[in-house]
Amino acid sequence: NAGVTQTPKFQVLKTGQSMTLQCAQDMNHEYMSWYRQDPGMGLRLIHYSVGAGITDQGEVPNGYNVSRSTTEDFPLRLLSAAPSQTSVYFCASSSGRGGHNEQFFGPGTRLTVL
Amino acid sequence: KQEVTQIPAALSVPEGENLVLNCSFTDSAIYNLQWFRQDPGKGLTSLLLIQSSQREQTSGRLNASLDKSSGRSTLYIAASQPGDSATYLCAVVNRDDKIIFGKGTRLHILP
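Student: With reference to specific residues and values, describe the overall build of chain A.
Tutor: Regarding its fold elements, chain A presents zero helices and eleven strands. Reading the secondary structure of chain A in the N-to-C direction produces β-β-β-β-β-β-β-β-β-β-β. Its C-alpha atoms give chain A a radius of gyration of 13 Å, within 12% of the compact-globule value 13 Å for 114 residues. With 114 residues in all, chain A has 48% of them scored as buried. Pairs at least 24 apart in sequence give 54% of the contacts found in chain A among residues at least 6 apart. Summed over its atoms, the accessible surface of chain A is roughly 5000 Å², and 50% of this surface lies on carbon and sulfur atoms. Positive and negative side-chain charges of chain A, numbering 8 and 8 respectively, have mean locations separated by a distance of 11 Å.

Spelled out as structure tokens, the structure:
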């Protein structure tokens, strides 16, 4: 098993550009989630999904969109990047519908918005 | 709104000592609490998961306890080693399926 994979590892964007951060898991986990990690702020939940076709907002959803068309994939879209979105982004997955089991994290994507 | 606090924010101890990291949360209606380790520039590694019905979990030199009614968890590390140096994070899963993290404790084990 590859576990949770994220691409790209690094990305530099200009303000206003759009991009999609990819997240995939091969463990057949129902629950997937996206976080951003900023110095002094810890990890904050952006969006989460309890299963294919279902998504919901976390603590800091503004400026981000998600979809969950398959169990395996949970992409995060930035429609119009802003410098405030410079951060490290982590994707995670968990078995069970509500994330009630052990969370497995991807290696992260470091995003810089100029 | 659930808030998770970790104290202290940073801790330095000599090698070989036992130590305790603290995590507190404001809403006791949780499904579980999980402790993670994060090395600089890396992702998170799961250490221990405690379900809301459990009081503690152990893995090797690590022992995590949970007192849901008082909103507290501790991570006990026995016989610390320089390789234990990392940031330790706790996270709770709320009844609304949202996962809330503390800001972490940066641990430095002095050789």
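Student: Could you give an account of the pattern of salt bridges, with specific residues and numbers?
Tutor: Residue and element names in this part refer to chain A. Counting across every chain of the model gives four salt bridges over all chains. With a closest N to O distance of 2.9 Å, R36 and D38 form a salt bridge. Between D38 and R44 there is a salt bridge; the shortest N-O distance is 2.9 Å. R44 shares its class with D38; the two are buried. Through salt bridges that share partners, R36, D38 and R44 make up one connected network.

Student: With reference to specific residues and values, describe the packing of aromatic side chains.
Tutor: Per the stated rule, a full pass over the model turns up eight aromatic pairs over all chains. Ring geometry for Y35 of chain A against F105 of chain A: centres 5.6 Å apart, planes inclined by 35°, an arrangement best described as tilted. Residue Y35 of chain A is located in strand β4 (residues 31-38), and its partner F105 of chain A is located in strand β10 (residues 104-105); the two are separated by 70 residues in the primary sequence. Considered together, Y35 of chain A and F105 of chain A belong to a single accessibility category, that of buried residues. Here F105 of chain A and F36 of chain B contribute two aromatic rings whose centre-to-centre distance is 5.3 Å and whose plane-to-plane angle is 85°, an arrangement assigned as edge-to-face. Taken as a pair, F105 of chain A in strand β10 and F36 of chain B in strand β4 (residues 30-38) lie in two separate chains rather than in one. Per residue, the accessibility class of F105 of chain A equals that of F36 of chain B, and both read buried. Each residue in the set Y35, F90 and F105 of chain A together with F36 and F101 of chain B is aromatic and connected to the rest through ring pairs, giving one cluster. The ring of F74 of chain A has R68 of chain A lying over it, and the distance from NZ or CZ to the ring centre is 5.9 Å.

Student: Give a description of the state of the cysteines that names residues and reports values.
Tutor: This model, assessed by the stated rule, comprises two disulfides over all chains. Sulfur-sulfur distance for the disulfide between C23 of chain A and C91 of chain A comes to 1.8 Å. Negative torsions about the S-S bond denote left-handed disulfides, and the value of about -70° found for C23 of chain A with C91 of chain A makes this one left-handed. Taken together, the residues span a long stretch of sequence, with C23 of chain A in strand β3 (residues 19-25) and C91 of chain A in strand β9 (residues 87-94) at a distance of 68 residues. The burial state of C23 of chain A is the same as that of C91 of chain A; both residues are buried. Disulfide partner of C23 of chain B: C90 of chain B, at an S-S distance of 2.0 Å. Taking the sign of the torsion about the S-S bond as the criterion, the disulfide between C23 of chain B and C90 of chain B, at about 75°, is right-handed.

Rules of the game
Residues numbered from 1 in each chain as written. Chains lettered and ligands numbered in written order. Predicted model: local features only at pLDDT ≥ 70, side-chain atom pairs only at ≥ 80, totals over all residues. Heavy atoms only, no water. Helix = DSSP H or I, 4+ residues; strand = E, 2+ residues; numbered from the N terminus. Rg over C-alpha atoms; globule rule 2.2 N^0.38 Å. Buried < 20%, exposed > 50% of the residue type's maximum accessible area, 1.4 Å probe, protein only. Contact = heavy atoms within 4.5 Å. Areas by Shrake-Rupley, 256 points an atom, 1.4 Å probe, with all protein chains shown as cover. Lys, Arg positive; Asp, Glu negative; His and termini not counted. Charge placed at Lys NZ, Arg CZ, Asp CG, Glu CD. Salt bridge = Lys/Arg side-chain N within 4 Å of Asp/Glu carboxyl O. Phe/Tyr/Trp six-rings, centres within 6.5 Å; stacked < 30°, edge-to-face > 60°. Lys NZ or Arg CZ within 6 Å of the ring centre and 35° of its normal. Disulfide = S-S within 2.5 Å.

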